[in-house]
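Observations on the three-dimensional arrangement
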Amino acid sequence: VQLQASGGGLVQAGGSLRLSCAASLRTFTDRNMGWFRQSPGKEREFVAASRWSGGSTYYADFVKGRFTISRESAKNTVYLQMNSLKPEDTAVYYCAASRRYYSGSYDRSDGYDYWGQGTLVTVSS
């Protein structure tokens, strides 16, 4: 199982980026998919999730209204569209996938079994 994240880079405050995460999983639509981030000296934190059941999406308060998580099942890919970026959004962003049919937490790291390698997002002021 492999998750390949891409799309990070350097952007000015107020700009946008779209992160992608391609999953080489036998199944995709029956797993929660999440994005987390980690800044230097800080714990990894939840950013957004897309649940397999019902297709609900969830966001951390600090990204609501600015970030959007979406899936493209035909490509086994999950996206994170990030708009109105702020310097405090600077972090390594990780995508994650849960085990199949997982109904537990979507906003905790222990709710995910597979992780991508991370992609760095740097927002300059």
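As the structure is a prediction and not an experimental result, all values here were calculated from the model. (Residues numbered from 1 in each chain as written. Predicted model: local features only at pLDDT ≥ 70, side-chain atom pairs only at ≥ 80, totals over all residues. Heavy atoms only, no water.)

**Some words on the overall build of the protein**
Under the convention used in this document: Where helices and strands are cited, they refer to DSSP runs of H or I of at least four residues and of E of at least two residues respectively, numbered from the N terminus. Only the C-alpha atoms count toward the radius of gyration. The rule for a globule is 2.2 Å times the residue count to the power 0.38.
Looking only at helices and strands, one finds zero helices and eleven strands in the protein. Listed by position from the N terminus, the elements making up the protein come as β-β-β-β-β-β-β-β-β-β-β. For the protein, whose C-alpha radius of gyration is 13 Å, the value lies close to the compact-globule estimate of 14 Å for 125 residues. Its C-alpha atoms give the protein principal-axis dimensions of roughly 40 × 25 × 25 Å.

**Some thoughts on the sheet that holds strand 1 (residues 3–6)**
What counts, and what does not: Each pair of strands is called paired provided DSSP finds at least two bridges between the two strands. Angles run from 0 to 180 degrees between N-to-C directions of axes, and those axes are lines fitted to C-alpha atoms, restricted for helices to the stretch in contact.
As summarised here, the arrangement of the four strands in space is 1-3-8-7, forming an open sheet in which the pairing is antiparallel. The sheet is open, and its two borders are formed by strand 1 and strand 7 (67–72), each paired with just one other strand. Pairwise comparison of adjacent strand axes, ignoring direction, gives a mean angle of 15° for this sheet. With six bridges joining them, strand 3 (residues 17–23) and strand 8 (residues 77–82) adopt antiparallel strand pairing. Counterpart to cysteine 21 in the pairing with strand 8 is valine 78.

**Observations concerning the state of the cysteines**
Quick note on the threshold: Cysteine sulfur atoms are paired as a disulfide whenever they come within 2.5 Å of each other.
Tallied over the full model, the rule gives one disulfide. At a sulfur-sulfur separation of 2.1 Å, the disulfide partner of cysteine 21 is cysteine 95. Looking along the S-S bond of the cysteine 21-cysteine 95 disulfide, the torsion reads about 60°, which is the right-handed sense. You can see cysteine 21 sitting in strand 3 and its partner cysteine 95 sitting in strand 9 (residues 91–97), a full 74 residues away along the chain.

**Comments concerning the pairing of strand 5 (residues 45–50)**
Residues in a regular strand project their side chains so that they alternate between the two faces of the sheet. Our working definition: The buried label goes to any residue with under 20% of its type's maximum accessible area, the exposed label to any with over 50%, and the partly exposed label to all in between, with areas taken from a 1.4 Å probe on protein chains only.
With five of six residues buried, strand 5 is to be regarded as a mostly interior element. Hairpin connection of strand 4 (residues 33–38) to strand 5: six residues between the antiparallel strands, including glycine 41 at a positive phi of 80°.

**Some details on the pattern of salt bridges**
As a reminder, the rule being used: Throughout this description, the term salt bridge denotes a Lys or Arg side-chain nitrogen within 4 Å of a carboxyl oxygen of Asp or Glu.
Applying the stated rule across the entire model yields eight salt bridges. The salt bridge involving arginine 37 is made with aspartate 89; its shortest N-O contact spans 2.9 Å. A residue pair is termed long-range when its members are at least 10 positions apart, and arginine 37 in strand 4 and aspartate 89 in the loop between strand 8 and strand 9 qualify at 52 residues. Like aspartate 89, arginine 37 is buried. For the salt bridge of lysine 75 with glutamate 72, the shortest nitrogen-to-oxygen distance reads 3.9 Å. Its relative accessible area of 29% is what places glutamate 72 among the partly exposed residues.

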